[in-house]
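Tertiary structure, described
Here is how the chains run, residue by residue.
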Amino acid sequence: MKQYDVIIIGGGAAGFFAAVNIGELHPNLKVAILERGKDVLGKVKVSGGGRCNVTHAEFIPQELTTYYPRGEKELLGPFHTFMTGDTMGWFEARGVPLKIEDDGRIFPTSNNSQTIIDCFLNEADKHNVDVLTNQSVISFEKINTQWSISTKTDQFLANKLIVATGSNPKIWSFLQQLEHTIIKPVPSLFTFNINDQRIKDIPGVVAQNVTVKVVDSKLESSGPLLITHWGMSAPSILKLSAFGALELAKRDYKFDIEVNFINQEFETAFSDLKDIKQDLSKKTVFKATQFDLPKRLWKTLVLSADITEDNRWADLNKIQLEALAGQLTKAVFKVDGKSTFKEEFVTAGGIDLKEVNFKNYQSKIHDNLYFAGEIINVDAVTGGFNFQNAWTSAYIVAKNIDN
């Protein structure tokens with residue numbers, strides 16, 4: 001049986017960040033990571049399109065928490081301990097310069113996730129962390145004050161156990177056997193499947209300033225919207241999917257959305273269109289794109305308002321102007337299913353937040369059992385926020401592990 005002070009189950013972002021910080025803050029402790037696969041940090045490698053979106057340029061804890069549909073209240077204290085600026089400082093102090101992009105996402109200046117992976121592997125080596133791969137855990141149990149962990153090939157004994165396995169149903173079931181409550185997982189970040197003639201032939205089109213509402217609900221979000229081959233995506237849709245994860249699952253991912261492509265009230269758009277009719281009377285509506293919309297999107301919305309390619313602005317009657325204002329500000333689309341980013345799969349669900357002490361991320365049910373990352377019922381919108389949750393939780397575990 002192999003003996004350690006601290007064993008971490010899970011060789012992903014949270015597991016590594018916990019391990020290397022324990023190694024640095026408590027060099028007296030013997031630490032091991034158990035990873036079920038043959039490689040570690042797989043999700044880090046593919047995240048952000050292979051660039052690794054490590055965090056987001058939001059530096060006020062109260063503001064940062066608003067990006068977390070589940071965990072907003074609980075994360076306020078932890079973010080006062082380890083925040084986005086701390087993340088940036090941590091990486092840059094270890095030779096990984098970062099850059100802030102226009103949308104607030106933060107990446108290594110190398111634009112390569114391997115830079116982050118190499119940093120973690122170097123830190124693990126520097127602080128004598130044992131990184132053990134092909135160690136699929138088949139059970140763990142408490143024996144007196146210690147933890148006994150069995151994998152398919154080995155037996156381990158640890159004084160402290162950190163579970164950082166993300167959305168892993170097998171590990172969740174082990175924790176249920178230890179009397180922890182698991183909130184049933186549902187997908188959180190996903191795109192909408194929509195089969196609609198208006199968008200069928202314009203994949204790749206992006207409308208920058210869009211508001212999307214789920215009909216018959218309070219769910220609403222704003223931001224860029226991308227037309228895809230299968231429907232709609234981009235931040236406005238992903239944010240809606242995150243905050244609506246539970247409700248949209250109840251609806252079996254069949255619901256209507258109302259899209260405001262120009263972020264104006266119907267009455268304002270109608271008034272503007274009347275003015276445009278006067279100013280551009282001799283021009284054809286189809287070719288005279290308005291409201292800074294992409295040309296292909298404008299054209300399909302014009303045709304959907306029963307306006308032909310040959311109609312001039314002067315030809316439009318009130319009904320056509322109202323129809324066009326409606327297409328621009330409250331176009332309804334039927335959503336029939338979802339598509340998930342398999343490489344960046346995020347779920348709502350996990351260990352009940354009431355069973356975690358957020359001052360040290362220790363279990364409230366078992367001493368010397370800690371959690372880090374997405375294994376608990378915390379998730380965020382896209383943009384580096386899920387990684388920030390991993391770094392914050394892992395750092396706080398590391399800081400408090402020897403208390």
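Look up: the structure comes first, before these words.
These lines cover the structure that appears in this document, whether it is placed above or below. From a predicted model like this one, the values you see are computed outputs, not experimental measurements. (Residues numbered from 1 in each chain as written. Predicted model: local features only at pLDDT ≥ 70, side-chain atom pairs only at ≥ 80, totals over all residues. Heavy atoms only, no water.)

Take the environment of threonine 211 next. For threonine 211, the position within the fold is in strand E12 (residues 206-214). Under the relative-accessibility criterion, threonine 211 is labelled buried at 7%. Remark: the alpha-carbon pair of threonine 211 and phenylalanine 261, spanning 50 residues in sequence, is separated by 6.7 Å. Other than its neighbours up to four places away in sequence, threonine 211 contacts Glu220, Ser221, Ser222, Glu258, Val259, Asn260 and Asn263. Here serine 222 takes part through its side chain, which lies 3.1 Å from a polar atom of the side chain of threonine 211. A polar contact of 2.5 Å, which involves the side chain of threonine 211, links it to the side chain of asparagine 263. (Helix = DSSP H or I, 4+ residues; strand = E, 2+ residues; numbered from the N terminus. Buried < 20%, exposed > 50% of the residue type's maximum accessible area, 1.4 Å probe, protein only. Contact = heavy atoms within 4.5 Å. Polar contact = N/O pair within 3.5 Å; in protein donor to acceptor, adjacent residues only side chain to side chain.)

Contact pair helix H1 (residues 13-25) / helix H14 (residues 385-400): the axes reach a minimum separation of 8 Å and the direction vectors enclose 35 degrees. Regarding H1 and H14, the two cross each other, and that crossing is right-handed. Packed against H1, whose contacting residues are Ala13, Ala14, Phe17, Ala18, Asn21, Ile22 and Leu25, the element H14 presents Phe387, Ala390, Trp391, Ala394, Tyr395, Ala398 and Lys399 at the interface. Residues that form the contact of H1 with H14 fall into these classes: 12 nonpolar, one polar and one charged. (Axes fitted to C-alpha atoms, helices over the stretch in contact; angles between N-to-C directions. Left-handed = near helix turned anticlockwise from the far one by under 90°. Nonpolar A, V, L, I, M, F, W, Y, C, P; charged D, E, K, R; others polar.)

As a further point, take unusual backbone geometry. In this structure, cysteine 52 is a non-glycine residue whose phi angle is positive, near 65 degrees. Structurally, cysteine 52 is set in the loop between helix H2 (42-50) and strand E3 (55-56). Even without being a glycine, asparagine 134 presents a positive backbone phi close to 55 degrees. In this structure, asparagine 134 sits in the loop between strand E6 (130-132) and strand E7 (137-143).

With that settled, consider the packing of aromatic side chains. Inspection of the entire model under this criterion finds 26 aromatic pairs. When the centroid spacing of 5.1 Å and the interplanar angle of 50 degrees are considered together, the rings of phenylalanine 17 and tryptophan 391 count as tilted. Of this pair, phenylalanine 17 sits in helix H1 while tryptophan 391 sits in helix H14, and the two are 374 residues apart along the sequence. Taken individually, phenylalanine 17 and tryptophan 391 each receive the classification buried, so the pair is uniform in this respect. Their ring planes at 90 degrees and their centres at 5.7 Å tell us that phenylalanine 140 and phenylalanine 174 sit as a pair that is edge-to-face. Taken as a pair, phenylalanine 140 in strand E7 and phenylalanine 174 in helix H7 (residues 169-177) lie far apart in primary sequence, 34 residues in all. Here phenylalanine 140 falls in the buried class, since its relative accessible area comes to 6%. Given the relative accessible area of 12%, phenylalanine 174 is considered buried. These aromatic residues form a ring-pair network of at least three members: Phe16, Phe17, Phe82, Trp90, Phe91, Phe120, Phe387, Trp391 and Tyr395. Lying across the ring of tyrosine 4, lysine 30 places its NZ or CZ 4.8 Å from the centre. (Phe/Tyr/Trp six-rings, centres within 6.5 Å; stacked < 30°, edge-to-face > 60°. Lys NZ or Arg CZ within 6 Å of the ring centre and 35° of its normal.)

Spatially, the seven strands line up as an open sheet ordered E16-E15-E12-E13-E14-E11-E17, and their pairing is antiparallel. Taken across any chain shown, the strands that pair with only one partner, and hence form the sheet edges, are strand E16 (331-336) and strand E17 (338-340). Averaged over neighbouring strand pairs, the angle between their axes works out to 40 degrees when direction is ignored. Sheet analysis places strand E11 (residues 190-193) next to E17, joined by three bridges and oriented antiparallel. Residue pairing for E17: threonine 191 is matched across the bridge by serine 339. The strands touched by helix H13 (residues 318-329) within the sheet are strand E15 (254-260) and E16, with E15 carrying the most contacts at an inclination of about 110 degrees. (Pairing = 2+ DSSP bridges.)

What follows deals with the nonpolar core. The biggest cluster of nonpolar side chains holds 85 residues, and the ones touching the most others in it are Ile8, Phe91, Phe140, Ile149, Ile162, Leu175 and Trp391. No other element matches H14, which puts nine residues into this core. In contact with isoleucine 8, other than residues within four places in its own chain, are Gly15, Ala18, Ala19, Ile22, Val31, Ala32, Ile33, Leu34, Ile162 and Ala164. (Core = buried A, V, L, I, M, F, W, Y, C linked by side-chain atoms within 4.5 Å.)

Attention shifts here to the side chain of arginine 70. The topology assignment puts arginine 70 in the loop between helix H3 (61-64) and helix H4 (76-81). Judged by its relative accessible area of 12%, arginine 70 falls in the buried class. Within the structure, the side chain of arginine 70 is placed 2.5 Å from the backbone oxygen of alanine 242, a separation counted as a polar contact. When near neighbours in sequence (up to four residues on either side) are disregarded, arginine 70 contacts Ser188, Ala242, Ala245, Leu246, Ala348, Asn377, Val378 and Asp379.

In spatial order, the strands read E3-E5-E4; together these three strands make up an open sheet with antiparallel pairing. On the outer flanks of this sheet lie E3 and strand E4 (98-100), each paired with one strand and no other. In this structure, E3 lies alongside strand E5 (residues 105-108), joined through two bridges in antiparallel fashion. From the neighbouring strand, histidine 56 faces E5, where its bridge partner is arginine 105.

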